[in-house]
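So you can see what is in the structure, the chains are spelled out below.
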Amino acid sequence: MIMFKQLSKYYPTKQGRRYIFKDVNLSLPMDKSIGVLGPNGAGKSTLIKILGGADYPSKGKVTSPLKVSWPLGLRGGLQGSMSGRENVRFVARIHGFTDTKMVEEKVSDFAEIGIYFDEPVKTYSSGMRARVAFGLTMAFDFDFDVLLVDELTAVGDTNFKKKSEKVLKNKYENTKVIMVNHSANELKKYCQAGLLIKDQNLHYFDELDHALQEYQSCYVTH
Amino acid sequence: MPSFSELTHAAPSRNAFKIMCDTVHALLMREVKARFGSSKLGYFWAVAEPIAQAAVLGLLFTLIGRTSLANVPVVLFLFTGILPFKLFSKLLPQLSLGIASNKALFAYRQVAPIDPVITRLVIEIATYAIVYMVIMAVLAWLGFDVVPDQLLPFFMANGLLIIISFGLGLALCAAVQQWDDTPKLLSMVTTPMFYVSGVFFAATMIPAQYWYLLNWNPIFHIIELSRDAYFESYTTPVGDWQYVTLFALGSLFLGLGLYRINRVRFSA
């Protein structure tokens, strides 16, 4: 269960405050994996970031007794000037792990990017970034209850997609996913429920199909 | 501040202070590597730069026939001014960019915007202490009496210098967030500061009626006070503990206040 209490998020722009969310009150039952739907700029990534503690709400709060991951995405999380290995070491350290060697090897094995693992992340392709970012969560035994995934599986090649799908389904048997993805097929693969962003509010659907239908009728022009 | 206390990772359970220590440690390892690891000469420059500066100024004073300034050997006099000023003029740009250059890492909830600022403060203070001791050890070997006359006021002056730099650095973080040109403006201010902070002169060397031109400058006060503590033969006529302490508290208040106001904006 993730509770939103009077959550508002706005960004100051030249035309004044632009609200992404306004007074959202919602309880997300986390018994199913959830696909987040909304057009570009609706606030999907912002939502993931707030859930992951990478951004703060302007007002209100989000609480949960569950263990929620950081936002796994292409932007943020990995620092460009550091190598993949240094990024992994950093994440291990801030989580209180003193032996980082083991973690490094695990991520390296998962990512399979060879010598690039010791090159700066800014030289990576987006697929390679995704491999390292995803490998990070595989390497630790965090036992996340909720994994936040922002457009990460979209950029991988067939091998990586297969691999991450397997991992998501096996290792994270008890882990639910909150996922942003523009491909309905991808979402259907992982998620059973849907969360639609509409009118600066969140609408939860028990069935992903219902959410997709609603999304079609609201946003897609025929 | 919205509460995320219940959204935690399953890593070893730690209290807030332990998390902060782990984060600062992690940042420390990568900052040190970035600063000194890329070129093996990194550590060398940290010591060589103040020595080169002192050498140039020392040469000038020797050329005009001075062997002591304010009853203190020229070399010692210069280092006790150059080193604290170096700390100040390095801390401000370093701290002010601490938040802006680590934004990618705020994706992890463990990393608060103030953590990289604290990290950089620790690195600069450690470097300062080591460089100070290395230089003084060399001077002792050359036969100078390098042991500070009064240790406590000497450390107090340095402590106040650090508090001022931390407060102003944190305030500058907020300024950097608002205006991209802040670093340029900052260097326009700190460069002339070198000439009005008593680095290569003491208050006793200028006529009393002109003291008011420098009196406003807390760094001038700090260098005066630290020389007063360092050398038995030098007594500062202007150094004012009260003024420096108030200035330090003021800048700390300003820095923490601006951090508090801007903390949400920092992570975006």
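Computed from a prediction, not measured in an experiment: that's the story for all the values here. (Residues numbered from 1 in each chain as written. Chains lettered and ligands numbered in written order. Predicted model: local features only at pLDDT ≥ 70, side-chain atom pairs only at ≥ 80, totals over all residues. Heavy atoms only, no water.)

On the side of chain B, 33 residues touch chain A, which itself brings 39 residues to the contact. In total, chain A and chain B occlude about 3100 Å² of area from one another, counting both sides; carbon and sulfur atoms represent 62% of this. Summed over the three residues of chain A that lose the most area to chain B, namely Tyr56, Phe90 and Ile94 of chain A, the buried surface amounts to 23% of that side. For the pair chain A and chain B, the number of links is one salt bridge. Residues Glu86 of chain A and Lys33 of chain B are paired through a salt bridge, measuring 2.7 Å at the closest nitrogen-oxygen approach. Put simply, chain A and chain B have seven residue pairs in polar contact (both at pLDDT 80 or more) between them. Elements with a contribution of two residues or more to the side of chain A that touches chain B: helix H1 (44-52), strand E4 (59-63), strand E5 (68-73) and helix H2 (84-94) of chain A. When residues in the side of chain A that touches chain B are grouped by element, the largest group, six residues, is from H2 of chain A. Of the residues contributing to the side of chain A that touches chain B, the split by class is 20 nonpolar, twelve polar and seven charged. (Contact = heavy atoms within 4.5 Å. Buried area = accessible area lost by both parts, 1.4 Å probe. Salt bridge = Lys/Arg side-chain N within 4 Å of Asp/Glu carboxyl O. Polar contact = N/O pair within 3.5 Å; in protein donor to acceptor, adjacent residues only side chain to side chain. Helix = DSSP H or I, 4+ residues; strand = E, 2+ residues; numbered from the N terminus. Nonpolar A, V, L, I, M, F, W, Y, C, P; charged D, E, K, R; others polar.)

Time to look at the pairing of strand E7 (residues 176-180) of chain A. Residue and element names in this part refer to chain A. In terms of burial, E7 is a largely internal element, five of the five residues being buried. The side-chain alternation of E7 yields two buried faces, one formed by Lys176, Ile178 and Val180 and the other by Val177 and Met179. Sheet analysis places strand E3 (residues 34-37) next to E7, joined by three bridges and oriented parallel. Paired with Gly35 across the strands is Met179, a residue of E7. (Buried < 20%, exposed > 50% of the residue type's maximum accessible area, 1.4 Å probe, protein only. Pairing = 2+ DSSP bridges.)

Below, the discussion takes up helix H5 (residues 158-170) of chain A. Residue and element names in this part refer to chain A. With 13 residues, H5 extends 18 Å between its outermost C-alpha atoms, agreeing within 8% with the 18 Å of an ideal straight helix rising 1.5 Å per residue. Turning to H5, its buried residues are Phe160, Ser164, Val167 and Leu168. On an axial view of H5, the arc spanned by its buried residues comes to 100°, and they lie on one face. When the buried face of H5 is taken as reference, the exposed residues oriented beyond 90 degrees from it are Thr158, Asn159, Lys162 and Lys166. Tucked into the core, H5 has its buried residues touching helix H3 (101-111), helix H4 (126-139), strand E6 (146-150), E7 and helix H6 (184-190). (Expected span 1.5 Å × (residues − 1). Arc of directions from axis to C-beta.)

Here the focus is the side chain of Arg85 of chain A. All names here are of chain A. Its place among the elements puts Arg85 in helix H2. With a relative accessible area of 15%, Arg85 lands in the buried category. In terms of polar contacts, Arg85 uses its side chain to reach the side chain of Glu104, at 3.1 Å. Contacts of Arg85, omitting those with residues within four sequence positions, involve Glu104, Glu105, Phe117 and Asp118.

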